[in-house]
Amino acid sequence: MRPTIAVINGEQYWPGYFPDCEVVSRRLQDAAWVLRDGELWCINREAATRIDGVFWRVGAIRPDPRHRTVLDVLRLSGVPCVNPASTLARCQDRLSMLAELRAAGLPVIPFDVALGDDMVRRIARPAPFVVKVGNHHGGYGKALVRSEAEWFEVADLLFAANDYAVVEPYIDYRRDVRCLAIGDRYWAMARAGAGWKANVQTRKHQVIDPPEALVAYTRRAREHLGADIVALDFLETQDGEFVLLECNDTPGLSGFPEALREELAECLRERMRRAAR
């Protein structure tokens, strides 16, 4: 019997990279999970499927506390997963991700955090600055505060959000650069967006030679997290300096060479081979 791989929230092309496996596509939002007698099952409306490998491609979906529970179930199951479930759990929340970057000794952008009714007013800084609410991705939950008057309006809205907020300086950037690692190989992409939000409504992108300093930072993050794949997002200032914004443990591959897909698929195949020995 061929092993079964569950591609979670993944692109449609992945089955072609696992010709020796049964590949099923599942949405994290719609799936249920059972770990019984050492076997992992993923269940949706169509079928209950025993899983031998997990290809985790979950990106910018609405956060749900149950998603962290799924990662714990995957970790307990011992089923091979890319990235490892333990790595995904460490980066599942924005604050956890930032803590991991600091633990790795990386120069992440300075930020302040507030949690609790009306506490966000205590972390205002001279405008302009950026405020990010909760664990949302894809540009959601983020606002640029250009003046003190705007801050009063934004702070009132944040009171209704019932979530933590992070405040960081606004960077007048020339471009944003993503440095991506799969195993010991590194790529970089420079991107230009339509507005102040980096990597949102990208108008143009270009694969570039990875700057040496960014490779070093990305290698340190990958090794610290024990990741198969990781991407660090930087802003390049008008003076040519790089500022580290965040780490992404399930980065999109759009715009990068197609060879990256095979590299990433091989990570899961190798984990499954080791598990079968």
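Everything in this summary refers to the structure shown in the same document. From a predicted model like this one, the values you see are computed outputs, not experimental measurements. (Residues numbered from 1 in each chain as written. Predicted model: local features only at pLDDT ≥ 70, side-chain atom pairs only at ≥ 80, totals over all residues. Heavy atoms only, no water.)

### A short note on the sheet that holds strand β1 (residues 4-8)
Sheets are built from strands paired through backbone hydrogen bonds, the pairs being either parallel or antiparallel.
Consideration 1: Overall, parallel pairing links the four strands, which are arranged β2-β1-β6-β7 in an open sheet. The open sheet terminates on both sides in strands that have one partner only, identified here as β2 (22-26) and β7 (81-82). (Pairing = 2+ DSSP bridges. Helix = DSSP H or I, 4+ residues; strand = E, 2+ residues; numbered from the N terminus.)

### Topic: helix α4 (residues 148-159)
An α-helical segment advances 3.6 residues per turn. Residues three or four places apart therefore align on the same side.
Consideration 1: Between its terminal C-alpha atoms α4 stretches 17 Å, which fits the 16 Å expected from twelve residues at 1.5 Å a residue.
Consideration 2: Looking at α4, one finds that the buried residues are Trp151, Val154, Ala155 and Leu158. In an axial view of α4, the angular spread of the buried residues amounts to 105 degrees, which keeps them on one side of the axis. α4 presents Ala149, Glu153 and Leu157 as exposed residues on the side facing more than 90 degrees away from its buried surface.
Consideration 3: Packed against the buried residues of α4 are β9 (129-133), β10 (142-145) and β11 (165-169). (Expected span 1.5 Å × (residues − 1). Buried < 20%, exposed > 50% of the residue type's maximum accessible area, 1.4 Å probe, protein only. Arc of directions from axis to C-beta. Contact = heavy atoms within 4.5 Å.)

### Description of the nonpolar core
Consideration 1: Residues Leu101, Leu106, Val230, Leu232 and Cys247 are the most contacted members of the largest nonpolar core, which totals 33 residues.
Consideration 2: Where this core is concerned, the elements lending two or more residues are α3 (94-103), β12 (173-182), β13 (185-193), α5 (212-225), β15 (229-237) and β16 (242-248).
Consideration 3: Ignoring any residue separated from it by four or fewer positions in sequence, one finds Leu101 in contact with Leu106, Val108, Leu244, Glu246 and Cys247.
Consideration 4: Counting residues in hydrophobic clusters, the runner-up holds 22 residues, among them Ala231, Leu253, Leu260 and Cys267. (Core = buried A, V, L, I, M, F, W, Y, C linked by side-chain atoms within 4.5 Å.)

Remember, this is a structural readout, not a statement about activity or role.
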